[in-house]
Amino acid sequence: MPPSVPEDLLRELAPQALGAVVRRYGHFALAEDAVQEALLAAATQWPKEGVPADPRAWLITVAARRLTDLLRSEQARRRREEVVAGWTPDPWAPAADRTPADSDDTLILLFLCCHPSLSPASQIALTLRAVGGLTTAEIARAFLVPEATMTRRITRAKQRVKDSGVPFRLPHGPERERRLGAVLHVLYLIFNEGYASTSGPSLHRAELTAEAIRLTRIVHRLLPDDPEVAGLLALMLLTDARRPARTGPDGALVPMAEQDRSRWNAAFVAEGVELVTAALSRGRPGPYQLQAAIAALHDEAPTAEETDWPQITALYERLMDMSDNPVVALNHAVAVAMSRGPAAGLARLERLRHDTRIADDHRLHAVRAHLLERSGDHAAAREAYEEAVRRAMTLPQQRYLRARAMRLTE
């Protein structure tokens, strides 16, 4: 039986091939169709004939030929002649299999998928489809929506990118900084949806966290001197390191303080700590670096009791100076409670109970319940836990919170 083609190889090459073809021919949707057919050809032919010496160039060549066929087919349709004329390759553009020295097609493709004209949901879907290589069905399953809905979302996103007329090249100066921020935000959202699913029967979706880490590694490899890129990668690794201990054998949520730390991914912890330490040494701390530093303090503590809560409190205060984020304020309240006592934390929470951005979030009520329990007010804690159950969106969260409430009735 011939060997199969490593899936990781095709997944790594797919965005590079797509970026090269889009750069040369300038049509996102048709280029993606052509690259998908090239990937299918590779999966069929390479196990029989062997992986080519330059697999990337092979994919680009096959995709370019297929795109030529698609363009000719489009050209034959009525009322499309004028549009297709605009798809004629620029004679001065570099060849599709030659990447300009000052750019990388995968990074450009990420910038394109995170175009500011798109909603965050569309940016996420398009990034997972074009750069991540996930099928529309896989993305739809990950976000618990019908495949037809996700198909429409991705199709609209492609059309909007096309209509925007944005050139296929890296932006420069302040525009690049803004667009990079959008790219990192999308990768952060993908990771968070995987690590803490907002709905459904599972607490996490490992395929999404793995994809977010893979894509962020690519960005870090392409922009190794950007401390916020390194900070985001460190944050993902340090957070995902705890995933093996985050649920029990029955899938029930296990809070960090009760987790078996020997089950944490030590390699991820070591890599994350090294990344954030190097990033912070550049003297330009940003939100992702500070969050990674907090995660590192949690991961490096031998036990929950030895966690450096005063330092975590100080880092959250730095984060709050940078942005008005209610989740950061909520986490700061927890840190204050752990370093200065539950009464101090509850006082902080009172300021958030009237913030419409988080007032209906189950996390606010769960934190309040926990602090009330620690302060000895079990009746109020039980009521707060029950309120958190009503607002929680996933079954593991609901089961955990309901168990906490029931424990206080005994």
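Structure: above.
These numbers were taken from a predicted model, which means no experiment stands behind them. (Residues numbered from 1 in each chain as written. Predicted model: local features only at pLDDT ≥ 70, side-chain atom pairs only at ≥ 80, totals over all residues. Heavy atoms only, no water.)

Trainee: What's the story with the pattern of salt bridges in this structure? I'm lost.
Mentor: For side chains bearing opposite charge, pairing can occur when the charged atoms are close. Enumeration according to the criterion identifies 17 salt bridges in this entry. Residues R404 and E373 are paired through a salt bridge, measuring 3.3 Å at the closest nitrogen-oxygen approach. Of the two residues, R404 sits in helix α19 (residues 395-407) while E373 sits in helix α17 (residues 362-375), which places them 31 residues apart along the sequence. A salt bridge links E373 to R407, with the shortest nitrogen-to-oxygen separation between them at 2.6 Å. Here the residue E373 occupies a position in helix α17, and R407 occupies one in helix α19, the gap between them amounting to 34 residues. On the basis of relative accessible area, R407 is assigned to the partly exposed category, the value being 41%. Connected through shared salt-bridge partners, E258, E373, R404 and R407 make up one network. (Salt bridge = Lys/Arg side-chain N within 4 Å of Asp/Glu carboxyl O. Helix = DSSP H or I, 4+ residues; strand = E, 2+ residues; numbered from the N terminus. Buried < 20%, exposed > 50% of the residue type's maximum accessible area, 1.4 Å probe, protein only.)

Trainee: What exactly am I supposed to notice about the nonpolar core here?
Mentor: Soluble globular proteins tend to bury their nonpolar side chains together. Counting 94 residues, the largest nonpolar core has L18, V21, F28, L59, L126, V219 and L238 as the members making the most contacts within it. Of the residues that make up this core, three or more belong to each of domain 1 (1-77 + 106-164 + 178-185) and domain 2 (224-248 + 256-307). Apart from residues lying up to four places away in sequence, L59 is in contact with L13, A17, A38, L39, A42 and W46. In this structure, A333, A337, A369 and L408 belong to the second largest nonpolar core, which totals 23 residues. (Core = buried A, V, L, I, M, F, W, Y, C linked by side-chain atoms within 4.5 Å. Domains from an automatic or database assignment. Contact = heavy atoms within 4.5 Å.)

Trainee: Can you walk me through the packing of aromatic side chains in this structure?
Mentor: Applying the stated criterion across every chain, the model contains three aromatic pairs. Between W46 and W58 the ring centres are 5.2 Å apart and the planes differ by 70°, which places this aromatic pair in the edge-to-face class. With W46 in helix α2 (residues 28-49) and W58 in helix α3 (residues 55-75), this residue pair connects regions lying twelve residues apart in the sequence. On the basis of relative accessibility, which here comes to 3%, the residue W46 falls in the buried class. A relative accessible area of 21% places W58 in the partly exposed class. Between Y188 and Y288, the ring centres sit 5.4 Å apart and the planes meet at 65°, which makes this aromatic pair edge-to-face. Taken together, the residues span a long stretch of sequence, with Y188 in helix α9 (residues 173-195) and Y288 in helix α13 (residues 287-300) at a distance of 100 residues. Residue classification places Y288 among the buried positions, given a relative accessible area of 12%. Directly above the aromatic system of Y195 lies the positively charged group of R246, at a separation of 4.1 Å from the ring centroid. (Phe/Tyr/Trp six-rings, centres within 6.5 Å; stacked < 30°, edge-to-face > 60°. Lys NZ or Arg CZ within 6 Å of the ring centre and 35° of its normal.)

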